[in-house]
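One letter stands for each residue in the lines below.
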Amino acid sequence: SVAAWQLREESARQTRVALRLIAGSFIIVALYIGYQAWWHLRQHTEAAASPVGIVVTALAAVVMSVLAFKKRALGRELENRVLVAEARFSFVDAGLSAAVLFGLILNAAFGWWWADPAAAFLLAAYSMKEGLQGVAHRRHKSTA
């Protein structure tokens, strides 16, 4: 919704606000994913698998990946930094779906209950990096 809002009226101010909102969203998602991963490791929580859940999760990973690539290509074509940043957020969504899927598969195949939270920690780190880079880029731009 941030990208759609910014695309309606592309002003420098809206671009700055949109990039700030996306950076903040990355940080919030990173904290949430990191906390959930820590909680599941601490509680020794195993993911419950169902055939329907596995199919839906696999489809979500594919759809979100395609969406991310399309958004990135369009953002580059339009030279729109907000849409490119939003595409990175869609990659995180795709990664979350893939992490859940691999966690379910590894738990079912090898009993590795910890695989899903471990993958979630990696995604949380990536999301935090993206958010902090967005904030740092914004600060660098405002002091230049």
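Within each chain, residue numbers correspond to sequence positions counted from 1 in written order. Two thresholds apply to this predicted model, a pLDDT of at least 70 for residue-level local features and 80 or more for giving and counting side-chain atom pairs, whereas whole-chain, interface and lining totals are computed over all residues. Only hydrogens and water are set aside when side-chain values are computed; all heavy atoms of the structure are taken into account.

Chemist: Describe in detail the packing of aromatic side chains, supporting the description with residues and values.
Modeler: Within a pair of aromatic rings, the relevant descriptors are the distance that separates the centres and the angle that separates the planes. Stacked, edge-to-face and tilted are the three classes for Phe, Tyr and Trp ring pairs, Trp counted by its six-membered ring, which pair at centre distances within 6.5 Å; planes under 30 degrees apart are stacked, over 60 edge-to-face, the rest tilted. For the coordinates displayed, the defined rule picks out seven aromatic pairs. Judged by centre distance (6.1 Å) and plane angle (55 degrees), the ring pair of Trp38 and Trp39 falls under tilted. For every residue, the accessible area obtained with a 1.4 Å probe (protein chains only) is divided by the maximum for its type, and the residue is called buried under 20%, exposed over 50%, and partly exposed between those limits. By relative accessible area, Trp39 is classed as partly exposed at 32%. Ring geometry for Phe69 and Phe91: centres 5.0 Å apart, planes at 85 degrees, overall edge-to-face. You can see Phe69 sitting in helix H3 (residues 51-78) and its partner Phe91 sitting in helix H4 (residues 81-110), a full 22 residues away along the chain. Under the relative-accessibility criterion, Phe69 is labelled partly exposed at 46%. The exposure class of Phe91 is partly exposed, given its relative accessible area of 22%. Each member of the aromatic cluster is reached from another via a ring pair, and the members are Tyr35, Trp38 and Trp39. Secondary structure elements follow DSSP: runs of H or I no shorter than four residues count as helices, runs of E no shorter than two count as strands, and numbering proceeds from the N terminus.

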